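These are the residues of each chain, in order.
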Amino acid sequence: MKRIILPLVIACTLAGCKQEQAEAIQSVDWYKENTNERIERLAKCRANPGELADTPNCINAEQAASLADTSKRGGLDVQPMTDIKLGR
């Protein structure tokens, strides 16, 4: 009886584990350079945010999209104010 219980427990434990296909994790820079892949990844992530929103590829694609949008807008060219005298 004892010989049956241990293999049965191991078999049940392994049956509960599912092996998912490992996906290559791309960097933010990679997603910035590969616009089509970034758009596809964002579409998948936004279609199923409950499962995919916290995955590394979704986070990296979102960050790359944010950086790409920021660079399109351009930044402010702010110069320091050195000629201001306080007081008198």
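Because the structure is predicted, anything quoted here is derived from the model rather than measured.

Trainee: Give a description of the overall build of the protein chain that names residues and reports values.
Mentor: If you tally the helices and strands in the protein chain, you get 5 helices and 0 strands. Listed N to C, the secondary structure of the protein chain is α-α-α-α-α in terms of helices and strands. Considering only intrachain contacts with a sequence separation of at least 6, the fraction spanning at least 24 residues in the protein chain is 52%. Roughly 8,000 Å² of accessible area belongs to the protein chain as shown, and the carbon and sulfur atoms make up 56% of that amount.

Trainee: Lay out the state of the cysteines with the relevant residues and their values.
Mentor: Following the criterion strictly, the structure yields 1 disulfide and no others. A sulfur-sulfur separation of 1.7 Å characterises the disulfide bridge that pairs Cys 45 with Cys 58. Looking along the S-S bond of the Cys 45-Cys 58 disulfide, the torsion reads about -85°, which is the left-handed sense. Residue Cys 45 is located in helix 3 (residues 35-47), and its partner Cys 58 is located in helix 5 (residues 56-73); the two are separated by 13 residues in the primary sequence. An identical accessibility class is assigned to Cys 45 and Cys 58; each is buried.

Trainee: Before we move on, can you summarise a nonpolar patch on the surface with the specific residues and values?
Mentor: Together, Met 81, Ile 84 and Leu 86 line one region of the surface with nonpolar side chains, adding up to about 410 Å² of accessible area. Mapped onto the fold, Ile 84 is located in the segment after helix 5. Among the residues examined, Ile 84 registers a relative accessible area of 51% and is labelled exposed.

Trainee: Break down the pattern of salt bridges for me, citing the residues and quoting the values.
Mentor: Per the stated rule, a full pass over the model turns up 3 salt bridges. Notably, a salt bridge pairs Asp 29 with Lys 32, separated by 3.9 Å at the nearest N-O pair. Placement of the pair is Asp 29 and Lys 32 together in helix 2 (residues 28-33), with a separation of 3 residues, close to one helical turn. Asp 29 gets classed as partly exposed once you look at its relative accessible area, which sits at 48%. Note on Lys 32: relative accessible area 39%, which makes it partly exposed. One salt bridge connects Glu 62 with Arg 46, and the closest N-O pair in it is separated by 3.1 Å. Of this pair, Glu 62 sits in helix 5 while Arg 46 sits in helix 3; the two residues are 16 residues apart in sequence, bridging distant segments of the chain. Residue Glu 62 is classed as partly exposed on the basis of its relative accessible area, which comes to 34%. Given a relative accessible area of 54%, Arg 46 falls into the exposed group.

Trainee: Account for the side chain of Asn 60, naming residues and giving values.
Mentor: Summarising the element assignment, Asn 60 is placed in helix 5. Under the relative-accessibility criterion, Asn 60 is labelled buried at 17%. Within the structure, Asn 60 has its side chain in polar contact with the backbone oxygen of Gln 26 (distance 2.6 Å).

Calculation notes
- Residues numbered from 1 in each chain as written.
- Predicted model: local features only at pLDDT ≥ 70, side-chain atom pairs only at ≥ 80, totals over all residues.
- Heavy atoms only, no water.
- Helix = DSSP H or I, 4+ residues; strand = E, 2+ residues; numbered from the N terminus.
- Contact = heavy atoms within 4.5 Å.
- Areas by Shrake-Rupley, 256 points an atom, 1.4 Å probe, with all protein chains shown as cover.
- Disulfide = S-S within 2.5 Å.
- Buried < 20%, exposed > 50% of the residue type's maximum accessible area, 1.4 Å probe, protein only.
- Patch = residues over 30% accessible without salt bridge, like charges linked within 9 Å, V, L, I, M, F, W, Y side chains within 5 Å.
- Salt bridge = Lys/Arg side-chain N within 4 Å of Asp/Glu carboxyl O.
- Polar contact = N/O pair within 3.5 Å; in protein donor to acceptor, adjacent residues only side chain to side chain.

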